[in-house]
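Survey of secondary and tertiary structure
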Amino acid sequence: MSGNETPRGPVDSSRIPRYAGPATFARLPRLDEVGAADVAVVGVPFDSGVSYRPGARFGGNAIREASRLLRPYNPAQDASPFALAQVADGGDIAVNPFDINEAVETIEAAADDLLGTGARLMTLGGDHTIALPLLRSVARKHGPVALLHFDAHLDTWDTYFGAEYTHGTPFRRAVEEGILDTSALSHVGTRGPLYGKQDLTDDEKMGFGIVTSADIYRRGADEVADQLRQRIGDRPLYISIDIDCLDPAHAPGTGTPEAGGMTSRELLEILRGLASCNLVSADVVEVAPAYDHAEITSVAASHTAYELTTIMTRQIAEARAK
């Protein structure tokens, strides 16, 4: 949308109760209701790439339901994100659940279309397989991008059962395809057992730095955010967040939980510390509501997407003001 138009915001909760009406993200208008958006929130109901518990295909709608409680002013970033730029819910990218290769192609084409309108993407997964086609599309627009990957796991393994496209392989494929800026790659929140020490050796060769969940506990969110900012610089940045970066106490509703993770407070504070970075698009994936309790995971994911959306809208508004 042009900078002269007033963005259409969420439904007024003083007139219509939060629990009433369609569950778009944060009760925002649909993309077809506003015509164009600066940030498009899209779901990808796909989990055919998982290696353990399925169910992330229902994650996007669970996040939308939990986002009903989000409010229009974000005090942590001193911003009203939905007044700064047009944010709209673009619905779901419907993909073939029986053919991973076709699903990857469909996601990439849909992302191309949305990015081609000038929108940034806030994608709700789905399993982590979807990050690869999203990164392909973002890199086509911006060139190789810096990546912050919040996850319990590396997701740089080669194959599972001979399959190249799974939720444990997207970032190896992305490095191989040259769509990542290998001088600015970081995993954040990793922990737990690996198949062998070679996993770490291979990961380092690809260019990834690692901030473990134990590092965050010992050093604190502010210091970690500062380190990440320095590594990223002014490069175009993509943030990919597997909700299992959080401890199962904060995110039980996920497919491959690992003990010893971050708190939701640590995750949100690190993201807020990245507000000056050039965030071009982001995703939140691996929410599997069948394993959730009292929407704990979905609430954490909705607030995570809210912080990411706030960062993007602030940057859009600042760019227009120049």
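An account of the accompanying structure is given in this report.

Rules used in this analysis
- Residues numbered from 1 in each chain as written.
- Predicted model: local features only at pLDDT ≥ 70, side-chain atom pairs only at ≥ 80, totals over all residues.
- Heavy atoms only, no water.
- Helix = DSSP H or I, 4+ residues; strand = E, 2+ residues; numbered from the N terminus.
- Rg over C-alpha atoms; globule rule 2.2 N^0.38 Å.
- Buried < 20%, exposed > 50% of the residue type's maximum accessible area, 1.4 Å probe, protein only.
- Contact = heavy atoms within 4.5 Å.
- Areas by Shrake-Rupley, 256 points an atom, 1.4 Å probe, with all protein chains shown as cover.
- Salt bridge = Lys/Arg side-chain N within 4 Å of Asp/Glu carboxyl O.
- Expected span 1.5 Å × (residues − 1).
- Core = buried A, V, L, I, M, F, W, Y, C linked by side-chain atoms within 4.5 Å.
- Axes fitted to C-alpha atoms, helices over the stretch in contact; angles between N-to-C directions.
- Parallel < 35°, antiparallel > 145°, perpendicular 65-115°, else oblique.
- Left-handed = near helix turned anticlockwise from the far one by under 90°.
- Nonpolar A, V, L, I, M, F, W, Y, C, P; charged D, E, K, R; others polar.
- Disulfide = S-S within 2.5 Å.

**Comments concerning the overall build of the chain**
Helices and strands together make up the secondary structure of the chain, namely 11 helices and eight strands. Its C-alpha atoms give the chain a radius of gyration of 18 Å, near enough to 20 Å, the size a compact globule of 322 residues would have. Across the 322 residues in the chain, those meeting the buried criterion constitute 55%. Within the chain, residue pairs in contact and separated by at least 24 positions form 78% of the contacts whose partners lie at least 6 positions apart. Here the chain has roughly 13,200 Å² of accessible surface; of this, 51% comes from carbon and sulfur atoms.

**What to know about the pattern of salt bridges**
Summed over all chains, the structure comprises 20 salt bridges. The shortest N-O distance in the salt bridge between Arg-272 and Glu-307 comes to 3.0 Å. With a gap of 35 residues between them, Arg-272 in helix α10 (residues 264-272) and Glu-307 in helix α11 (residues 296-321) connect regions that are remote in the sequence. For Glu-307, a relative accessible area of 2% puts it in the buried group.

**Remarks on helix α5 (residues 131-142)**
An ideal rise of 1.5 Å per residue puts 16 Å on 12 residues; α5 measures up with 16 Å between its terminal C-alpha atoms. Of all the 12 residues making up α5, nine are buried; the element is thus mostly covered by neighbouring parts of the structure. By the burial criterion, the buried members of α5 are Ala-131, Leu-132, Pro-133, Leu-134, Leu-135, Arg-136, Ser-137, Val-138 and Ala-139.

**Here we look at the nonpolar core**
Core analysis: the largest hydrophobic core is formed by 50 residues, its most contacted members being Met-122, Phe-150, Ile-239 and Ile-270. The residues touching Ile-239, leaving out its near neighbours within four places in the chain, are Leu-148, Phe-150, Leu-271, Leu-274, Leu-279, Ser-281, Ala-282, Asp-283 and Leu-308. Counting residues in each nonpolar core, the second largest holds 34 residues, with Val-44, Ala-110, Val-138 and Leu-180 among its members.

**With respect to the environment of Leu-180**
With respect to the helices, strands and loops of the structure, Leu-180 is situated in strand β5 (residues 180-190). Judged by its relative accessible area of 5%, Leu-180 falls in the buried class. Leu-180 sits 36 residues away from Pro-144 along the chain, and the two C-alpha atoms are 4.4 Å apart. Among all residues touching Leu-180, those that are not within four sequence positions of it are Leu-135, Pro-144, Val-145, Leu-147, Phe-171, Ala-174, Val-175, Leu-185 and Phe-208.

**Remarks on the packing of helix α9 (residues 221-232) against α10**
A pair of packed helices is captured by two measures, namely the crossing angle of their axes and the spacing between those axes. Put simply, α9 and α10 touch, their axes get as near as 8 Å, and they point 40 degrees apart. Comparing their axes, α10 and α9 come out oblique. With respect to the hand of their crossing, α9 and α10 are arranged in right-handed fashion. Contacts between α9 and α10 involve Ala-221, Val-224, Ala-225 and Leu-228 on the former and, on the latter, Glu-266, Glu-269 and Ile-270.

**As for the packing of helix α2 (residues 59-66) against α11**
Between α2 and α11, the least distance of the axes is 8 Å, while the angle of their chain directions is 80 degrees. Classified by the angle between their axes, α2 and α11 sit roughly perpendicular to one another. Contacts from Ala-62, Ile-63 and Ala-66 in α2 reach Ser-298, Val-299, Ala-301 and Ser-302 in α11. For the contact of α2 with α11, the class distribution of residues is five nonpolar, two polar and no charged.

**Focus on the state of the cysteines**
The full count for this structure, using the stated rule, is zero disulfides. Free cysteine Cys-245: the closest other cysteine sulfur is in Cys-277, separated by 17 Å. Cys-277 sits in the buried class, given a relative accessible area of 2%.

Functional significance is not addressed by these values, which are geometric in nature.
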